[in-house]
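So you can see what is in the structure, the chains are spelled out below.
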Amino acid sequence: MWIYKVISSTFDYSFLLCLCFKTAPRPSSPRKYFKDSLHTGKSQIINNNCTKSCRTLNINPNTISGDINMNRPNINTHSHFLNESVIEVSYMPEELKHRDHLLDELHHAASPGLRGVQPQNLIIRGLPGTGKTTAIRKVFSELDALPGAIVPVYVNCLMIRTQFGVFSEIFRALSDGQSYPLNRSLQKITMMINGLMKKKNCTLLVCLDDVNYLADHGELNETLYSLLRFHEIHGEAKIGVWAATSDMTFDLFTHTDGRVQSVFMPKEVFFHPYGRDEIAEILHDRVKKGLRYGFITNGAFEMLVDAGYDSGDLRTSLILLRRSAYLAEDLGSDLLDEWIVRQVLPHSNNFTEEKVAETLRPREMELLALIKELARTGMELSMSAVFSEVKERIGCGYSVFFKTVNRLEKAGMIRTEMVKGRGRKRVIVVDGIR
Ligand SMILES: Nc1ncnc2c1ncn2[C@@H]1O[C@H](COP(=O)(O)OP(=O)(O)OP(=O)(O)O)[C@@H](O)[C@H]1O
Ligand SMILES: [Mg+2]
């Protein structure tokens, strides 16, 4: 468990440590590298900007072996997390603070669908981290809980960039999670969707989140055309489309032709960036639910709020909170203080992993968590070994497992390698992924 944490934290901070030890020979393993940096005490960064130059790090003797010559009072044996999932960026907050009127606008646009009429089309704009996806997901989960009348389909275009992919997601939503066989035609899937809509007597509300990726792939025009003119070919079917983007230069109309423009005509909903007090309130909620009382100092908290406010992206605060909490835990520190936050700040522009993690589906998240748990045990993650655990604990069949592994690999959350043994086998690798 610990080795895994050190490897993953070292992955995040290895660049930082490289800078500290430019002249020192590079140690062979990430663990040794990390250990040496503590042992030699030469690190510029670790003491850099830190008023506590004689700072004492509380090192857990179970994790770094006894040859480290440093003072270690208050050995940390307990976790600082009350609920680890709360400080994940993908966590769905119970309450979406400071977004009441925007949620009202979304409810209002969706509500015709409940009366069997086409939901209002929207273009949802706003800088990154302004809560667009979270608000959409919130409204969609409320719609999901209502019986039948409207089926919401959320499509993340960062992952699904083709018209066929979008229609497969619609099919999946209408058929309660069944995947569409890849070797069928778009025409066939369209007919099946129409059949399912008739059978369910429902309207559809399709959200194309991060829609600019669909446009970059040249698939936006045809996708919108086939969704918005679905009823012309298939009779009564009613489909509303929400397109969301954080690319403020994205102009929907340069990517669509007159056939689409005459039917789309979306209303614009704008998500403005959060103010500093709003970020502080949201972050405070997460800290309260996610971390042990007293773990984070006021100074560190303010730094995290500032980081989010300065970047205009709430996600910055949340990701830095998560990274600094893990760093504090890895170092065995009883406090998440300003010094810890300073160590993670230089990385505050690189959020690829977290951003991709947000796009995962529940089953993918569940499988990823299990794979990481198995990785921490040090076992070899051959597909068959992992599958037997998955079968027992998650209960899915091999083809679903296989597809999910492929999707996780495509998303960059894991890698797979072919290794030689008594034949060739595929092995999952999770290095650098927490
Ligand atoms: N009002 C809020 N209350 C609590 N958490 C929030 C709120 N708004 C956003 N968040 C959190 O901030 C993070 C980013 O939000 P979200 O993904 O919805 O932003 P976004 O506008 O879709 O960003 P992007 O354009 O980059 O996709 C998420 O972890 C989300 O839970
Ligand atoms: Mg989003």
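Residues numbered from 1 in each chain as written. Chains lettered and ligands numbered in written order. Predicted model: local features only at pLDDT ≥ 70, side-chain atom pairs only at ≥ 80, totals over all residues. Heavy atoms only, no water.

Caption draft 1: Molecular detail of the overall build of the chain. Scanning the chain from N- to C-terminus turns up 19 helices and seven strands. Counting every position in the chain, which comprises 434 residues, the buried fraction comes to 50%. (Helix = DSSP H or I, 4+ residues; strand = E, 2+ residues; numbered from the N terminus. Buried < 20%, exposed > 50% of the residue type's maximum accessible area, 1.4 Å probe, protein only.)

Caption draft 2: Representation of the sheet that holds strand E2 (residues 150-156). Read across the sheet, five strands follow the order E2-E3-E4-E1-E5 without closing on themselves; strand pairing throughout is parallel. Strands with a single pairing partner mark the edges of an open sheet, and in this sheet they are E2 and strand E5 (267-271). Adjacent strand axes in the sheet meet at a mean angle of 15° when their direction is disregarded. Bridge count for strand E1 (residues 122-126) against E5 is five bridges, and the pairing is parallel. Across the sheet, Ile 123 pairs through a bridge with Glu 268, a residue of E5. Against the sheet, helix H4 (residues 100-114) contacts E1, E2, strand E3 (203-209), strand E4 (239-245) and E5, and its axis sits at roughly 150° relative to E5. (Pairing = 2+ DSSP bridges. Axes fitted to C-alpha atoms, helices over the stretch in contact; angles between N-to-C directions. Contact = heavy atoms within 4.5 Å.)

Caption draft 3: Structural view of the pattern of salt bridges. Taken as a whole and assessed by the stated rule, the structure comprises 18 salt bridges. Taking the shortest distance from any N to any O, the salt bridge between Arg 172 and Glu 169 comes out at 3.5 Å. Remark: Glu 169 and Arg 172 occur in helix H6 (residues 163-174); sequence separation between them is three residues, near one turn of the helix. Connected through shared salt-bridge partners, Lys 97, Glu 281 and Asp 285 make up one network. (Salt bridge = Lys/Arg side-chain N within 4 Å of Asp/Glu carboxyl O.)

Caption draft 4: Geometry of helix H14 (residues 314-331). Across its 18 residues, H14 extends 26 Å between first and last C-alpha, which sits within 8% of the 26 Å expected from 1.5 Å per residue. Across the 18 residues that make up H14, a large majority, 18, are buried. Sitting at the amino-terminal end of H14 is Asp 313, which places a side-chain oxygen 2.8 Å from the backbone nitrogen of Arg 315. (Expected span 1.5 Å × (residues − 1). Polar contact = N/O pair within 3.5 Å; in protein donor to acceptor, adjacent residues only side chain to side chain.)

Caption draft 5: Here's a closer look at the site of ligand 1. As a matter of local geometry, ligand 1 sits amid 23 residues, with Val 89, Lys 132, Thr 134, Tyr 274 and Arg 286 nearest to it. Between ligand 1 and Lys 97 there is a distance of 2.7 Å, counted from a nitrogen atom to a backbone nitrogen or oxygen. Compared with its free state, where it exposes 640 Å², ligand 1 has 97% of that area covered by protein. Listing elements by their share of the shell around ligand 1, those giving two or more residues are helix H5 (132-145), helix H12 (276-290), H14 and helix H16 (352-358). Residues lining the shell around ligand 1 come from more than one domain, with at least three contributed by each of domain 1 (2-77 + 276-305 + 312-355) and domain 2 (100-271). (Near = heavy atom within 4 Å. Areas by Shrake-Rupley, 256 points an atom, 1.4 Å probe, with all protein chains shown as cover. Domains from an automatic or database assignment.)

Caption draft 6: View of H5. Here H5 contains 14 residues, and its C-alpha end-to-end distance of 20 Å stays within 8% of the 20 Å for a straight helix at 1.5 Å per residue. As for H5, its buried residues are in contact with H4, E1, E2, E3, E4 and E5.

Caption draft 7: Local environment of the packing of H6 against helix H7 (residues 186-200). Axis separation between H6 and H7 bottoms out at 10 Å; the angle between their running directions is 30°. In terms of orientation, H6 lies roughly parallel with respect to H7. Viewed along their axes, H6 and H7 form a crossing whose handedness is left-handed. Across the interface between the two elements, Gln 163, Phe 164, Phe 167, Ser 168, Ile 170, Phe 171 and Leu 174 from H6 touch Leu 186, Ile 189, Thr 190, Met 192, Ile 193, Leu 196, Met 197 and Lys 200 from H7. (Parallel < 35°, antiparallel > 145°, perpendicular 65-115°, else oblique. Left-handed = near helix turned anticlockwise from the far one by under 90°.)

Caption draft 8: Representation of the side chain of Arg 229 within the structure. Relative to the helices and strands, Arg 229 resides in the loop between helix H9 (220-228) and helix H10 (230-234). At 3.2 Å, the side chain of Arg 229 and the side chain of Ser 262 are in polar contact. Leaving out residues up to four positions away in the same chain, Arg 229 has contacts with Leu 224, Arg 259, Ser 262 and Val 263.

Caption draft 9: Just unusual backbone geometry, in detail. Even without being a glycine, His 98 presents a positive backbone phi close to 60°. As for its placement among the helices and strands, His 98 is situated in the loop between helix H3 (44-47) and H4. You can call His 98 partly exposed: its relative accessible area is 28%. A positive phi angle is found at Met 265, which is not glycine, with a value near 35°. Relative to the helices and strands, Met 265 is located in the loop between helix H11 (258-264) and E5.

Caption draft 10: Region of the structure containing the environment of Leu 122. Mapped onto the elements, Leu 122 comes out in strand E1. Each residue touching Leu 122, except ones within four places of it in the same chain, is listed here: Leu 106, Ala 109, Val 241, Trp 242, Ala 243, Phe 264, Pro 266, Lys 267 and Val 269.

Caption draft 11: Inspection of the packing of aromatic side chains at higher detail. Within the structure shown, the criterion is met by six aromatic pairs. Arranged with centres 4.9 Å apart and planes meeting at 85°, the rings of Phe 387 and Tyr 398 form a pair that is edge-to-face. In this pair, Phe 387 is assigned in helix H18 (residues 383-393) and Tyr 398 in helix H19 (residues 398-410), connecting sequence segments 11 residues apart. For Phe 387, a relative accessible area of 14% corresponds to the buried category. By relative accessible area, which is 39% here, Tyr 398 ends up partly exposed. Clustering of aromatic rings is evident, with ring pairs tying together Phe 387, Tyr 398, Phe 401 and Phe 402. Its guanidinium or amino end placed over the ring of Tyr 154, Arg 137 lies 4.0 Å from that ring's centre, counting from NZ or CZ. (Phe/Tyr/Trp six-rings, centres within 6.5 Å; stacked < 30°, edge-to-face > 60°. Lys NZ or Arg CZ within 6 Å of the ring centre and 35° of its normal.)

All we've got here are geometric facts, nothing functional implied.
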